[in-house]
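# Fold and contact review
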Amino acid sequence: DYSLSQNTRDLIELLKALKLGPVHLVGHSSGAFASLLTTIEHPQLVRSLILGEPPVTSLLKNISGGDTLDANFSKMVFPGIEKFKNNEDEAAAEIFINTVMGDSQYLARHPQRIREIFMANTVQLKGGMLYPKTGFPDISCDHIRKIKTPVLLITGDKSPLIFTSVINELDRCLTNREKATLRNASHGLEYENPVEFNKVVLDFIDKH
C-alpha cells in the first residue's frame, strides 16, 4: 500500500498536528516530491520550501529528449525491479542507489556501516519501485506556477542528467525561487557535501 500520495498525506497531517504555523520545509529526492505536493495542496503550512532533486519526471515531457532520458533511466533501474520481485532486496537496492548516483560502483566503495544506513530504507524503496504509478503523480508546470512560497532548488554538480533536467524545469516554472549547485556531490547531496548543503539551506531560511 506504499504511495508517495500517502507519504504526502502523512506529512500534511503531521504539520497540522504540530501546530507550528508555517514551517521551513526541507526535502530530498522522494521526500522533496512529498514536500512539493504538500506546498501545492496546502501552501498555508509552508513558509519556505527547499527541494533537493525531487524526481518530478513528468516535467521531462517539456524538454527535447526528455522522454528518452526518462526511458533510459527506467531501463537502468529495471534489473533492480526484477531483483525486488525475487526478494533479492539488497541487490535490488544496490542497483537503484548506484543508478541514482550515476556511479556503478558507488555503494561498493562504502564501508558496511554506510551500506546498512542505505539498506534501512529498502522497504520504502521497494514500494516505490514496484508500484511507480502510485508513487509519482504527474505534476505539470501549471501546478508549480501556483506556488508563491519562496523555493530553493538544490542539485549536485555530479548528479545524473535526469535530476538536473528536472531542477532546470522547476527553475523555469517557478517564479519565487533560487538555485544552488553543490560541489563534489551527486544525488546524495546533504550526505555527500553536508557542509555546503547546510550553509545554503540555512542562509536561505535566514532570509525567509
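Notes on the structure follow. Here the residue numbering is sequential within each chain, running from 1 through the sequence in written order. The model is predicted, so local features are restricted to residues of pLDDT at least 70 and side-chain atom pairs to those at 80 or more, both for listing and for counting; the totals for chains, interfaces and linings are taken over all residues. Side-chain metrics in this entry use all non-hydrogen atoms of the structure; hydrogen atoms and water are not considered.

## Considerations on the packing of helix H3 (residues 66-85) against helix H9 (residues 161-173)
The relative placement of two packed helices comes down to the angle between their axes together with the axis-to-axis distance. Axis definition: a line fit to C-alpha positions, over the contact stretch in the case of helices; interaxial angles, taken between N-to-C directions, run 0 to 180 degrees. To qualify as a helix, a DSSP run of H or I must reach at least 4 residues; to qualify as a strand, a run of E must reach at least 2; elements of each kind are numbered from the N terminus. The contact between H3 and H9 brings their axes to 10 Å, and the two run at 140°. Comparing the axis directions of H3 and H9 gives the class oblique. In the crossing of H3 with H9, the sense of the turn from one axis to the other is left-handed. Along its contact with H3, which presents Leu 69, Asp 70 and Phe 73, the element H9 presents Leu 161, Ile 162, Phe 163 and Ser 165. Gly is put with the polar residues, along with every residue not named as nonpolar or charged; the nonpolar set is Ala, Val, Leu, Ile, Met, Phe, Trp, Tyr, Cys and Pro, and the charged set is Asp, Glu, Lys and Arg. Its residues assigned to classes, the contact of H3 with H9 shows five nonpolar, one polar and one charged. Geometric relationships in this document are graded by angle, where less than 35 degrees denotes roughly parallel, more than 145 denotes roughly antiparallel, 65 to 115 denotes roughly perpendicular, and other angles denote oblique. Crossings are assigned a handedness: left-handed for a near helix turned anticlockwise from the far helix by less than a right angle, right-handed for a clockwise turn. The contact definition used throughout considers only heavy atoms, calling two residues in contact when any of these lie within 4.5 Å.

## So, the state of the cysteines
Pairs of cysteine sulfur atoms within 2.5 Å are identified as disulfides in what follows. With the rule as written, the count across this model stands at one disulfide. Between the sulfur of Cys 141 and that of Cys 173 lies a disulfide, 1.9 Å long from S to S. Disulfide Cys 141-Cys 173: the torsion about the S-S bond is -120°, which places it as left-handed. With Cys 141 in helix H8 (residues 141-145) and Cys 173 in helix H9, this pair connects stretches of sequence that are 32 residues apart.

## Side note on the pairing of strand E2 (residues 46-52)
Among the seven residues in E2, six count as buried, and that is most of the element. In this description, strands pair whenever DSSP reports at least two bridges between them. The sheet contact formed by strand E1 (residues 23-28) and E2 spans six bridges and is parallel. Within E2, the residue paired with Val 23 across the bridge is Val 46. Convention used here: a crossover is right-handed provided that the path from the first strand, over the helix, to the second strand proceeds clockwise when the strands point away from the viewer. One crossover worth recording links E1 to the parallel E2 by way of helix H2 (residues 30-41), and it is right-handed. Sheet analysis places E2 next to strand E3 (residues 151-156), joined by four bridges and oriented parallel. Within E3, the position partnered with Ile 50 by the bridge is Leu 152. Here's how the labels work: a residue is buried when its accessible area is under 20% of the maximum for its type, exposed when over 50%, partly exposed in between, all with a 1.4 Å probe on protein chains only.

## A closer look at the layout of surface pockets
If you add up the space inside the largest pocket, you get close to 1400 Å³. Taken together, the elements giving at least two residues each to the lining of the largest pocket come down to helix H1 (4-18), H2, H3, helix H4 (89-101), helix H5 (112-119), helix H6 (122-130), helix H7 (132-135) and H9. Of all the elements, H3 adds the most residues to the lining of the largest pocket, at seven residues. Looking at the lining of the largest pocket, its residues break down into 26 nonpolar, 15 polar and six charged. A 1.4 Å probe that fits into a set of points on a 1 Å grid over the protein atoms alone but cannot get out defines a cavity; an open set with protein on both sides within 12 Å along at least five of seven lines defines a pocket, and lining residues are those with an atom within 4 Å of a point. Grid points are joined across faces, edges and corners, and a volume is the space filled by probe spheres set on the points.

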